[in-house]
Amino acid sequence: MLWALATLGTPPDPAWLQQHLREFGRRQAQRSPLPQHLSNVGWALAKLSHRPDRDWLAKYQEDVLSALPKFRPQEISNVLWALAVLNCKAEQALLKQCQAYMAARLPSFKANEVAVGLWALARLRGQPELRLMGAALQHCFSQARQLTPKGLSMLMWSVGNMTTPPPKAWVVKLLVATQVRMQGFSAQELSTLAVSLARLEYRPPQAWLDSFAAAAAGQMANFGAQAGCSLGVICLQTQLRHSCDAVLECFVSRNSCRCSF
């Protein structure tokens, strides 16, 4: 029921939701945790933007950890995504075991499932080891046609938020992959690309910048004030202004933004 409500985008009554979570916890205590149920309830809570209390989340993560060997790749990605979206404090033991799971079963993951997993691990401060990052990115590049713009932006964000500088080759391959699909990126995904490159202090080739500027101009109506101002600051920080002048001028004229570019 909760999964269906989340899929339909219908927020449930708060009292019903609390009762449902208590009942879910009671059932889980009486039987072995089922990966699909754990994955679905986490995904639904994230879609509904409802973060349960600390005790419920602690038990939930405990159940996920105990059932981890039985999880499918998509279910692992869903759980990690849910914890990251809900801004939960993830248990380090769970994050380490999820990384070990990904490393051991990487060939069975789809490219976008890897992208979601890496993004979530970075958000949860469970930065994967360099070897796993390299293997995961190579796996994604081998399935590049399957990667969605969202998946590509998540990969770029994951690389941009590494605690140690990533190899330049990773960034170059991501730039190639994103340029091919640039016109399909949403405003939020374009903003994610820009933020990631700013953190990497990496200036892309001019052809990539021109593609980015054209895509951003096409999405201008979908940029919020905060995202647009951030985009302008990022363009300045990374010395991209000459490629984005038209985009920034259009944004300022639409939003009367107070940011100074």
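Residues numbered from 1 in each chain as written. Predicted model: local features only at pLDDT ≥ 70, side-chain atom pairs only at ≥ 80, totals over all residues. Heavy atoms only, no water.

Caption draft 1: Just the overall build of the protein, in detail. A count of helices and strands for the protein gives 14 helices and 0 strands. Walking the protein from its N terminus toward its C terminus, one meets helices and strands in the order α-α-α-α-α-α-α-α-α-α-α-α-α-α. By the burial criterion, 51% of the 261 residues in the protein qualify as buried. Looking at the protein alone, contacts between residues at least 24 apart form 74% of all its contacts between residues at least 6 apart. About 13300 Å² of surface is accessible on the protein, with carbon and sulfur atoms providing 52% of the total. (Helix = DSSP H or I, 4+ residues; strand = E, 2+ residues; numbered from the N terminus. Buried < 20%, exposed > 50% of the residue type's maximum accessible area, 1.4 Å probe, protein only. Contact = heavy atoms within 4.5 Å. Areas by Shrake-Rupley, 256 points an atom, 1.4 Å probe, with all protein chains shown as cover.)

Caption draft 2: Inspection of helix α5 (residues 73-85) at higher detail. Here α5 contains 13 residues, and its C-alpha end-to-end distance of 18 Å stays within 8% of the 18 Å for a straight helix at 1.5 Å per residue. Most of α5 is tucked away: 11 of the 13 residues are buried. Those residues of α5 that are buried are in contact with α3 (35-47), α4 (54-67), α6 (92-105), α7 (111-123) and α9 (149-160). (Expected span 1.5 Å × (residues − 1).)

Caption draft 3: Inspection of the packing of α5 against α6 at higher detail. Where α5 meets α6, the axes come as close as 11 Å, and the angle between the chain directions of the two elements is 150°. By the angle class used here, α5 and α6 are roughly antiparallel. For the element pair α5 and α6, the recorded crossing hand is left-handed. Here P73, I76, L80 and L83 of α5 come into contact with α6, specifically with L94, L95, C98 and Y101. Per-class residue counts for the contact of α5 with α6 are 8 nonpolar, no polar and no charged. (Axes fitted to C-alpha atoms, helices over the stretch in contact; angles between N-to-C directions. Parallel < 35°, antiparallel > 145°, perpendicular 65-115°, else oblique. Left-handed = near helix turned anticlockwise from the far one by under 90°. Nonpolar A, V, L, I, M, F, W, Y, C, P; charged D, E, K, R; others polar.)

Caption draft 4: How the structure looks around the side chain of S39. Take S39: it is sitting in helix α3. Residues contacting S39, with those up to four places away along its chain left out, are Y60, E75, N78 and V79.

Caption draft 5: Focus on the environment of K70. Along the chain, K70 falls in the loop between α4 and α5. We classify K70 as exposed; its relative accessible area is 62%. Along the sequence, K70 and P35 sit 35 residues apart, while their C-alpha atoms lie 6.7 Å from each other. Here K70 is in contact with P35 and E75, once residues within four sequence places are set aside.

Caption draft 6: Fine view of the environment of A58. Among the structural elements, A58 can be located in helix α4. Separated by 30 residues in the primary sequence, A58 and C88 place their C-alpha atoms 9.8 Å from one another.

Caption draft 7: View of the packing of aromatic side chains. With the rule as written, the count across this model stands at 5 aromatic pairs. Judged by centre distance (6.0 Å) and plane angle (35°), the ring pair of F24 and W56 falls under tilted. With F24 in helix α2 (residues 14-30) and W56 in helix α4, this residue pair connects regions lying 32 residues apart in the sequence. Aromatic side chains Y101 and F109 sit 6.0 Å apart centroid to centroid with 80° between the ring planes, which places their arrangement in the edge-to-face category. You can call F109 buried: its relative accessible area is 2%. (Phe/Tyr/Trp six-rings, centres within 6.5 Å; stacked < 30°, edge-to-face > 60°.)

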